[in-house]
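Here's the letter readout for the chains.
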Amino acid sequence: MNRRQAYEAAQRRRSLTVAGVSTFVVVAAIILLVPLAPGWPAVRASFFDGQVFAETFPTLLRAFMIDIMIFAWSVPLIMGLGLAIALARGARSPALFPLRIFGAVYVDIFRGVPVVLTIYLIGFGIPGLGLPRPWNSPYIWGTVALVLTYSAYVAEVLRSGIESIHASQRNAAICLGLSERDTMRYVILPQAIRRVVPANMNMLVALQKDVALLSFIGPVEILRQAGIYKSLLANFTPYVVAAVIFLLVTVPATRYADYLLNRDRDARS
Amino acid sequence: MPEAKLSCRGIQKSFGDNHVLRGIDLDVAEGEMICLIGASGSGKSTLLRCINQLETIDEGAVLLEGQDISEPGIDLGPVRRRIGIVFQSYNLFPHMSALENVLLAPRRVLHEQGGALETRATELFERFGLAAHMQKYPDQLSGGQQQRVAVIRALAMRPEIMLFDEITAALDPELVGEVLAVLRHLRSEGMTMLLATHEMGFARELADRVCFMDGGVIVEEGPPEQIFTAPRVTRTQEFLRSVLR
């Protein structure tokens, strides 16, 4: 080991020690100080009841599968519609001008209205038309509300990605004789989509959480199931269980997305 | 005199108040290699971009074998595949391998498929010494290699004329040679070429004709020997003195 390596090793040991000690101090302070708060015993009993936790966990996990399901079928719809709206907003030909206007208005409306409101309006409003089964299902209209809202966001993300691709790429493709359509499909879009993967990943994590809002219009998914338990057991622990279950999915999902991005970046350098 | 392969007739082009081309007349014969020289901002690049209709011209006409390709409203697809262009900044598609870069346009535009096309592409890579790099992505290649792939990509469309826009200007000096070798090779095959270049030695060695541009006009044109040894116009003399020092 030469002098520089020895120096760097010493530096590393020092940082590790500092990080370890400061983490220990903070954690110890929380563990020691929080129970000193006057309301702690009551909070512990109503939010962190081990028995309630164990009892409700399996059912809540099963209810969470409904969230996963709704999420799973919403994602392709959102990506498809988002892409269509993004392309409509970027249309150059004058014949497609109405499409551009439609795209702009669509994005304004669905980004401007809180998700919960869209879910209420569509989830209660459309089945109110007296549609026959199964077309009055809150699953369908809840999904529609989520898709409409999130595709507006995804459209904006994609559009920013498309606009971030340098004009020289388009020129190069056009000079090779490629049509506008092929240029978009083979040259611009693949680069644009790759570039906005992080932004879209954040969207999907947000969507995963917002699926729980459908509990307001009917489906007995995890949030509603937790509410039922709360009333039944007069205890808030089921909500904590629900939060833990969400974290079990969202944290690895974001980490995995980061990993994919880093790998992609490393492979290209 | 046989009809020119490509003719520029009185081309004028402005960007806002900036009058970049002020009446360019130029004939390029089949198999001829013409070098455009001149200071940055003299209009060389703009002229090339006007020729392949990347920029629309304000006045004048561009004729490709007598057909006016600068006429508003004509279908530029068929025109562009007859004119290849390579830019200073390579502009390879970064998400595709070198080979995919080359195959895209022949597939989508010429509707060529399968083995025959791949053989043809592979031959091009071999001819320009890049067979080992076909599967690599642009950012795994050096600037000189990327620029050669860009040339191959343009050639894969079997263009009748090639435009080169200062294609060595962004390269490290030691990489310039390999790209110039490609041009030399094309020259020997009789490709019709129009180059904007700062490589005076190269222009002198290979060009059939050299055009000196300044202020949006061709100030002087002639065989390289004459332009480089006995320029007639004062501005050409000044320019050459400053770059050849």
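Residues numbered from 1 in each chain as written. Chains lettered and ligands numbered in written order. Predicted model: local features only at pLDDT ≥ 70, side-chain atom pairs only at ≥ 80, totals over all residues. Heavy atoms only, no water.

What exactly am I supposed to notice about the layout of surface pockets here?
All names here are of chain A. If you add up the space inside the largest pocket, you get close to 750 Å³. Along the wall of the largest pocket there are 28 residues; nearest its centre are Gly90, Ala91, Arg92, Ile162 and Met184. A per-element tally of the lining of the largest pocket places helix α8 (residues 180-195) first, with 7 residues. The residue makeup of the lining of the largest pocket, split by class, is 14 nonpolar, 5 polar and 9 charged. (1 Å grid on protein atoms, 1.4 Å probe; cavity = no way out; pocket = protein on both sides within 12 Å on 5 of 7 lines; lining within 4 Å. Points joined across faces, edges and corners; volume = space filled by probe spheres on them. Helix = DSSP H or I, 4+ residues; strand = E, 2+ residues; numbered from the N terminus. Nonpolar A, V, L, I, M, F, W, Y, C, P; charged D, E, K, R; others polar.)

How do you make sense of the sheet that holds strand β10 (residues 217-222) of chain B when you look at a structure like this?
Within a sheet, neighbouring strands are paired by backbone hydrogen bonds and run either parallel or antiparallel to one another. All names here are of chain B. Within the open sheet, the 6 strands sit side by side as β6-β7-β8-β3-β9-β10. Their pairing is mixed. The sheet is open, and its two borders are formed by β6 (83-86) and β10, each paired with just one other strand. Adjacent strand axes in the sheet meet at a mean angle of 20 degrees when their direction is disregarded. One ladder, built from 4 bridges, connects β6 with strand β7 (residues 161-165); its direction is parallel. When the sheet's bridge partners are listed, Gly84 is paired in β7 with Met162. Contacts from helix α5 (residues 143-155) reach β6 and β7, with the element oriented near 170 degrees to β6. (Pairing = 2+ DSSP bridges. Axes fitted to C-alpha atoms, helices over the stretch in contact; angles between N-to-C directions. Contact = heavy atoms within 4.5 Å.)

Just checking my understanding: could you explain the interface of chain B and chain A for this structure?
Frequently, the measure chosen for interface size is the accessible area that the parts lose on association. Of the residues lining the interface, 24 residues belong to chain B; the matching set on chain A comes to 19 residues. When chain B packs against chain A, the two sides together hide about 1,800 Å² of surface, and 60% of this comes from carbon and sulfur. Contact with chain A buries area across many residues of chain B, yet Phe93, His95 and Arg108 of chain B alone supply 31% of it, more than any other trio. Here chain B is connected to chain A by 1 salt bridge. Our count for the contact surface shared by chain B and chain A stands at 4 residue pairs in polar contact (both at pLDDT 80 or more). For the side of chain B that touches chain A, the elements supplying multiple residues, two or more each, are α2 (76-82), β6, α3 (98-108) and α5 of chain B. Counting residues per element, the side of chain B that touches chain A draws most heavily on α3 of chain B, at 3 residues. (Buried area = accessible area lost by both parts, 1.4 Å probe. Salt bridge = Lys/Arg side-chain N within 4 Å of Asp/Glu carboxyl O. Polar contact = N/O pair within 3.5 Å; in protein donor to acceptor, adjacent residues only side chain to side chain.)

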